[in-house]
Amino acid sequence: MESNKELRTIELLNEKFGDQILQTESPYGMLTLSLKAEKIIEIIQFLYSNEETQFQYLTTLCGIHFPDQNQISVMYQLHNLPANQRIRLKIFLPIENPSTPTLTGIFAAANWLERETFDFYGVIFTGHPNLKRILNVDDMLIFPMRKEYPLEDQRREDKNDALFGR
Amino acid sequence: MQDINTISSKIQEEEKQYSYLNLGPTHPATHGIFQNVLKMDGEVIIDAEPTIGYIHRAFEKLAERRPFYQITPITDRMNYCSSPINNIGWHMTVEKLIGAEIPKRVQYLRVIIMELARITDHLVCNAVIGVDTGALTGFVYLFQQREDVYEIYEEICGARLTTNLGRIGGFERDFTPKAWAKINKFITEFPAVLKEFEKLLSRNRIFMDRTINVGGITAERALNYSFSGPNLRAAGVDYDVRVMNPYSSYEDFDFTIPLGTNGDVYDRFMVRQEEMWQSLSIIKQAIAKLPEGPFHATVPDFYLPPKEDVYNNMEALIYHFKIVMGETDVPKGEVYHTVEGGNGELGFYLISDGGRTPFRLHLRRPCFIYYQAYPEMIKGSMLSDAILTMSSMNVIAGELDA
Amino acid sequence: METVALNDVKVVNAPEGIQGAGFFATSLDKVVGLARSNSIWPLPFATSCCGIEFMATMGAHYDLARFGSERLSFSPRQADLLMVMGTIAKKMGPVLRQVYEQMAEPRWVLSVGACASSGGIFDTYSVLQGIDRVIPVDVYVPGCPPRPEQIIDGILKIQHLIQNESLRRRDSPEYKALLNSYGIE
């Protein structure tokens with residue numbers, strides 16, 4: 001069940017961006033909102049600047065691939081340090097063109113986190129100062145964390161897949 | 001009409017060329033594998049471009065292939081200087097997902113192990129700050145103390161460094177009397193060594209000249225870069241996950257959070273030093289207040305039953321089979337759990353779809369997030385200061401790349 | 001406290017040879033092997049967890065300096081033994097190869113840990129499944145991470161190899177064929 005502060009946050013968001021909220025839930029005690037992808041930066045800016053919801057700490061952001069719905073979701077997790085409140089925002093992008101504006105204008109920490117999401121899932125963050133691969137080799141052609149790509153390197157010859165049940 | 005002096009200085013300005021220095025992936029002073037290309041004007045750094053990924057081992061993709069308790073060995077290898085914290089953090093995430101109730105004794109024992117691990121992590125960082133300023137003796141003395149902690153880990157879980165410690169639900173066996181003897185010996189002998197190390201460096205004129213006002217960052221910029229852990233506390237913000245979102249009975253213990261003022265190398269060194277003293281005090285409190293009770297929770301789906309039951313009881317046999325084959329049922333859901341690692345807020349974001357392996361595991365690695373601030377922190381400083389800034393941030397390559 | 005007499009300390013024995021008043025005659029192989037094996041200058045190429053166990057091996061408890069490796073060299077031009085400790089990712093492979101090529105003959109390679117020997121537990125797209133994909137290796141030390149005693153055992157085996165190596169090995173056709181198979185001239 002959401003606490004008073006969380007209900008107030010949902011209320012404030014409903015006033016200004018009510019049409020963007022797709023779903024509200026609180027799995028394991030963390031308020032999670034699924035939103036439409038168009039105005040996500042304004043929503044986060046609102047949560048950042050509003051005095052009642054001072055979500056001024058970016059905990060993490062990551063990508064999630066849902067192969068059944070052909071969508072890549074980007075999950076943002078914010079933290080309001082003075083009031084000790086956390087919130088999770090998720091947007092869903094179509095897999096043919098996963099593109100969303102960058103968060104680096106508000107949080108400097110989003111720089112490498114968005115590069116990592118691009119490296120793993122291929123999400124294009126428009127306006128990012130330096131969107132290139134960060135963890136994998138620069139000339140890699142695929143986005144490895146997507147579910148259709150295998151974990152192992154298929155060209156290795158020293159490991160016998162038959163013995164490992166693969 | 002400009003005079004000859006302004007014209008000649010303009011010409012000099014235009015002809016000045018910056019040099020590029022590659023602080024390459026293999027370098028004795030960068031403790032870890034990451035590369036920085038520094039644009040330098042003589043000895044002063046103008047800009048830096050970091051490149052990481054030289055030890056990318058695809059943990060997040062590997063976790064999608066493995067059942068839950070097989071992920072513990074890979075969490076070990078993130079921040080390998082304090083692996084028990086990673087292990088216990090992961091186990092607590094799964095326990096939160098399945099809704100397990102952990103007995104008090106297990107929580108206190110976990111606190112003892114996590115604080116020991118935090119001490120070892122800060123020992124490495126402070127010893128390495130000493131080495132980078134040229135003080136090699138401290139390193140040798142502190143690493144001897146790490147050997148004592150390794151012996152404690154060996155008594156409890158069998159391994160020295162990458163511990164794979166504990167189980168989902170608690171521990172595999174209670175601490176033996178030999179383990180208690182080693183822990184008590186450690187907490188009696190360690191304070192003297194730490195005091196000796198502290199006296200060597202903390203009021204040392206040379207050390208202070210090299211580290212004060214070097215590599216500093218303000219609290220606002222640190223929060224914008226999502227710093228956490230000792231680096232953030234050295235900048236003056238008291239955010240500690242143990243206090244803000246207490247887990248594993250940390251609210252029962254009485255400890256203070258040391259804070260710095262200007263976030264420079266000296267503040268980080270002193271914050272880590274003081275945190276080691278606080279960890280020692282927490283361990284003593286936990287030993288004094290340790291309750292009796294079982295050393296594991298009742299989660300038959302994840303915790304291997306004792307062998308006598310497996311041979312005599314049908315139910316235990318089936319559980320044993322299911323656990324070892326990785327066919328246990330897990331509830332669906334998404335959970336985020338965070339612990340205070342050696343470097344800050346270590347978070348595990350787990351989405352389970354009911355299958356035997358996670359659907360998505362995202363590791364919130366503190367090193368990865370705060371290393372982004374490195375170019376800003378060294379802009380305008382000298383090369384040796386840049387080396388010292390990097391080692392005081394305690395960047396561990398395993399956690400950076402995962 | 002126990003006292004150690006001077007003749008309790010083990011020192012390296014002299015090789016077989018003919019001894020006389022003021023002279024000692026033996027083959028050059030043996031003398032050079034003796035000198036090289038007991039004064040190795042290692043290059044610690046430490047990438048991950050095995051690197052921390054190496055730091056423990058260099059520490060006071062398991063002292064590696066007793067075996068002659070007192071001076072670590074971080075420059076490949078001045079090193080004899082390349083100790084690769086930790087996981088080598090595919091991004092790091094070319095760097096490792098460049099470091100190996102810069103070393104002067106005679107050079108030896110010690111692969112410490114499961115990740116350097118065969119990829120270890122990381123059978124993934126981004127990890128090189130063993131450094132012998134890119135450079136020739138002399139001794140493998142398995143373990144994850146290996147205990148310091150195991151690392152010292154690996155060094156002792158390297159010392160044994162160095163002691164018994166023929167002086168002409170580096171010019172022999174077999175060695176050249178080995179390097180050619182890796183594409184190293």
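See the structure shown above.
Below is a short write-up of the structure. Quick caveat, the model's predicted, so the values are computed rather than measured.

### With respect to the overall build of chain A
Line of reasoning, step 1. Scanning chain A for helices and strands turns up 3 helices and 7 strands.
Line of reasoning, step 2. Seen in sequence order, chain A has helices and strands lined up from the N terminus as α-β-β-α-β-β-β-β-α-β.
Line of reasoning, step 3. The principal-axis extent of the C-alpha atoms belonging to chain A is close to 60 × 35 × 30 Å.
Line of reasoning, step 4. Across the 166 residues in chain A, those meeting the buried criterion constitute 54%.
Line of reasoning, step 5. For chain A, contacts bridging at least 24 residues in sequence account for 48% of all contacts bridging at least 6.
Line of reasoning, step 6. Total accessible area on chain A stands at roughly 7,500 Å², and carbon and sulfur atoms take up 49% of it.
Line of reasoning, step 7. Of the side-chain charges in chain A, 17 are positive and 23 negative, and the distance between the mean point of each set is 2 Å.

### Concerning the nonpolar core
Line of reasoning, step 1. Residues A:Y76, A:L89 and A:L103 are the most contacted members of the largest nonpolar core, which totals 173 residues.
Line of reasoning, step 2. Element by element, the count of residues in this core is highest for helix α5 (residues 104–133) of chain B, at 16 residues.
Line of reasoning, step 3. When sequence neighbours within four positions are dropped, the list of residues in contact with A:Y76 reads A:I40, A:I44, A:T60, A:L61, A:I87, A:R88, A:L89, A:I91, A:T100, A:L103 and A:F125.
Line of reasoning, step 4. Counting 25 residues, the second largest nonpolar core, distinct from the first, contains C:L43, C:A79, C:V84 and C:I88.

### As for the pairing of strand β5 (residues 108–112) of chain C
Residue and element names in this part refer to chain C.
Line of reasoning, step 1. Among the 5 residues of β5, 5 are classified as buried, and the element is accordingly described as predominantly covered.
Line of reasoning, step 2. Residue alternation in β5 divides its side chains into two sets, W108, L110 and V112 and V109 and S111, and both sets are buried.
Line of reasoning, step 3. Here strand β4 (residues 81–85) runs beside β5; their pairing, made up of 5 bridges, is parallel. Paired with L81 across the two strands is W108, which belongs to β5.

### Details of the sheet that holds strand β3 (residues 44–51) of chain B
Residue and element names in this part refer to chain B.
Line of reasoning, step 1. One open sheet holds the 3 strands; their spatial order is β1-β2-β3, and the pairing between them is antiparallel. If you trace the sheet from one side to the other, it starts and ends with β1 (19–23) and β3, each paired once. Taking the axes of each pair of neighbouring strands and ignoring which way they run, one obtains an average angle of 25° across the sheet.

### Some points on the interface of chain A and chain C
Line of reasoning, step 1. At the junction of the two partners, chain A supplies 16 residues and chain C supplies 9 residues.
Line of reasoning, step 2. Across the chain A to chain C interface the summed buried area is about 1,100 Å²; carbon plus sulfur atoms make up 48%.
Line of reasoning, step 3. Residue A:D153 is joined to C:K90 by a salt bridge in which the shortest nitrogen-to-oxygen separation is 2.8 Å.
Line of reasoning, step 4. Applying the counting rule to chain A against chain C returns 5 residue pairs in polar contact (both at pLDDT 80 or more).
Line of reasoning, step 5. A per-class count over the side of chain A that touches chain C returns 8 nonpolar, 1 polar and 7 charged.

### Some thoughts on the packing of helix α6 (residues 136–157) of chain B against helix α7 (residues 177–201) of chain B
All names here are of chain B.
Line of reasoning, step 1. At a minimum axis distance of 10 Å, the contact between α6 and α7 shows a crossing angle of 165°. By the criterion of interaxial angle, the relationship of α6 to α7 is roughly antiparallel. The way α6 lies across α7 gives a crossing that is left-handed. Of the residues in α7, those touching α6 at G138, Y141, L142, Q145, D148, V149, E151, I152, E155 and I156 are K178, A179, K182, I183, F186, F190, V193, E196, F197 and L200.
Line of reasoning, step 2. Across the contact of α6 with α7, the residue classes tally to 12 nonpolar, 2 polar and 6 charged.

### Concerning the packing of aromatic side chains
Line of reasoning, step 1. Per the counting criterion, the structure on display carries 25 aromatic pairs over all chains.
Line of reasoning, step 2. With a centroid separation of 6.1 Å and an interplanar angle of 5°, the aromatic rings of B:F68 and B:W90 are classed as stacked. With B:F68 in the loop between α2 (59–63) and α3 (72–76) and B:W90 in helix α4 (residues 83–98), the pair connects residues that are 22 residues apart, well separated along the chain.
Line of reasoning, step 3. Aromatic ring contacts, followed pair by pair, group A:W112, B:F34, B:F368, B:Y371 and B:Y374 into a single cluster.

### Here we look at the pattern of salt bridges
Two side chains that carry opposite charge are able to pair once their charged atoms sit near each other.
Residue and element names in this part refer to chain B.
Line of reasoning, step 1. Summed over all chains, the structure comprises 45 salt bridges over all chains.
Line of reasoning, step 2. R160 is the partner of E147 in a salt bridge, and the nearest nitrogen-oxygen pair spans 3.3 Å. Remark: R160 occurs in the loop between α6 and α7 and E147 occurs in helix α6; sequence separation between them is 13 residues.
Line of reasoning, step 3. The class of E147 is buried, set by a relative accessible area of 4%.
Line of reasoning, step 4. On the basis of relative accessibility, which here comes to 6%, the residue R160 falls in the buried class.

### Things to note about unusual backbone geometry
Line of reasoning, step 1. Along the chain, C:E105 connects to C:P106 via a cis peptide bond; the corresponding omega equals -10°.
Line of reasoning, step 2. Structurally, C:P106 can be placed in the loop between α3 (93–102) and β5.
Line of reasoning, step 3. A cis amide bond, omega -10°, links C:C144 with the succeeding residue C:P145.
Line of reasoning, step 4. Positive phi, normally seen in glycine, also occurs at B:N164, with a value near 50°.
Line of reasoning, step 5. Accessibility expressed as a relative area gives 31% for B:N164, which makes it partly exposed.
Line of reasoning, step 6. For B:S249, which is not glycine, the phi dihedral falls at a positive 60°.
Line of reasoning, step 7. Here B:S249 shows up in the loop between α11 (241–244) and α12 (265–288).
Line of reasoning, step 8. The class for B:S249 is buried, based on a relative accessible area of 4%.

### Regarding the interface of chain A and chain B
Line of reasoning, step 1. Facing the 48 residues of chain A at the interface are 42 residues of chain B.
Line of reasoning, step 2. Of the roughly 3,700 Å² buried between chain A and chain B, counting both surfaces, carbon and sulfur atoms make up 56%.
Line of reasoning, step 3. Our enumeration of links across chain A and chain B arrives at 7 salt bridges.
Line of reasoning, step 4. We note a salt bridge from B:E334 to A:R88, for which the minimum N-O separation is 2.9 Å.

### Remarks on a nonpolar patch on the surface
Residues and elements named next belong to chain B.
Line of reasoning, step 1. Together, L304, F321, V324 and M325 line one region of the surface with nonpolar side chains, adding up to about 380 Å² of accessible area.
Line of reasoning, step 2. Along the polypeptide, M325 turns up in helix α14 (residues 314–325).
Line of reasoning, step 3. Classification of M325 as partly exposed rests on a relative accessible area of 43%.

### Side note on the side chain of B:E115
All names here are of chain B.
Line of reasoning, step 1. Counting through the fold element by element, E115 comes out in helix α5.
Line of reasoning, step 2. A distance of 2.8 Å separates a polar atom in the side chain of E115 from a polar atom in the side chain of S279.
Line of reasoning, step 3. Those residues in contact with E115, other than ones at most four positions away along the chain, are R242, Y250, S279, I282 and I283.

### What to know about the sheet that holds strand β3 (residues 42–46) of chain C
Residues and elements named next belong to chain C.
Line of reasoning, step 1. Overall, parallel pairing links the 4 strands, which are arranged β3-β4-β5-β6 in an open sheet. Single-partner strands in this sheet number two, and they are β3 and β6 (139–141). Between one strand axis and the next, the sheet turns through 15° on average, direction left out of account.
Line of reasoning, step 2. Sheet topology note: the β3/β4 ladder contains 5 bridges and is parallel. Bridge assignment links P44 to a residue of β4, and that residue is M83.
Line of reasoning, step 3. Along the sheet, helix α2 (residues 49–58) makes contact with β3, β4 and β5, crossing β4 at roughly 125°.

Rules and cut-offs
- Positions within a chain are numbered from 1, following the residues in the order the chain's sequence is written.
- The naming scheme follows written order: chains are lettered A onward, ligands numbered 1 onward.
- Only residues with pLDDT of at least 70 are given local features in this predicted model, and only at 80 or more are side-chain atom pairs given and counted; all residues enter the totals for whole chains, interfaces and linings.
- For the side-chain quantities, the full set of heavy atoms in the structure was used; hydrogens and water were omitted.
- Secondary structure elements are defined from DSSP: runs of H or I of at least 4 residues count as helices, runs of E of at least 2 residues count as strands, and each element is numbered from the N terminus.
- Relative accessibility decides the category of a residue: with a 1.4 Å probe and only protein chains considered, values under 20% of the type maximum give buried, values over 50% give exposed, and everything between is partly exposed.
- The contact definition used throughout considers only heavy atoms, calling two residues in contact when any of these lie within 4.5 Å.
- Residue exposure ignores everything except the shown protein chains as possible cover, and the areas themselves are Shrake-Rupley values with a 1.4 Å probe.
- Charge counting follows a simple rule: Lys and Arg are positive, Asp and Glu are negative, and His as well as the terminal groups are ignored.
- One atom stands in for each charge, and that atom is NZ of Lys, CZ of Arg, CG of Asp or CD of Glu.
- Among buried residues, those of type Ala, Val, Leu, Ile, Met, Phe, Trp, Tyr and Cys that are joined through side-chain atoms within 4.5 Å constitute a nonpolar core.
- In this analysis, strands are considered paired if DSSP registers two or more bridges between them.
- Whenever a helix is involved, its axis is fitted only over the stretch in contact; in every case the axis is a line through C-alpha atoms, and angles between N-to-C directions fall within 0 to 180 degrees.
- Computed with a 1.4 Å rolling probe, the buried area is the accessible surface lost when two parts are put together, summed over both parts.
- By definition, a salt bridge exists where a carboxyl oxygen of Asp or Glu is found within 4 Å of a side-chain nitrogen of Lys or Arg.
- Under the rule applied, a polar contact is a pair of N or O atoms within 3.5 Å (in protein, one hydrogen donor and one hydrogen acceptor; residues adjacent in sequence only if both atoms are side-chain atoms).
- Gly falls in the polar group here, along with every residue not listed as nonpolar (Ala, Val, Leu, Ile, Met, Phe, Trp, Tyr, Cys, Pro) or charged (Asp, Glu, Lys, Arg).
- Working definition: roughly parallel below 35 degrees, roughly antiparallel above 145 degrees, roughly perpendicular at 65 to 115 degrees, and oblique for all remaining angles.
- Handedness of a crossing follows from how the near helix is turned relative to the far one, being left-handed for an anticlockwise turn of less than a right angle and right-handed for a clockwise one.
- Side-chain rings of Phe, Tyr and Trp, where Trp is taken by its six-membered ring, are said to pair if the distance between their centres is within 6.5 Å; with planes under 30 degrees apart they count as stacked, over 60 as edge-to-face, and otherwise as tilted.
- To count toward a patch, a residue needs a relative accessible area over 30% and no salt bridge; like charges are then connected within 9 Å, while nonpolar side chains (Val, Leu, Ile, Met, Phe, Trp, Tyr) are connected within 5 Å.

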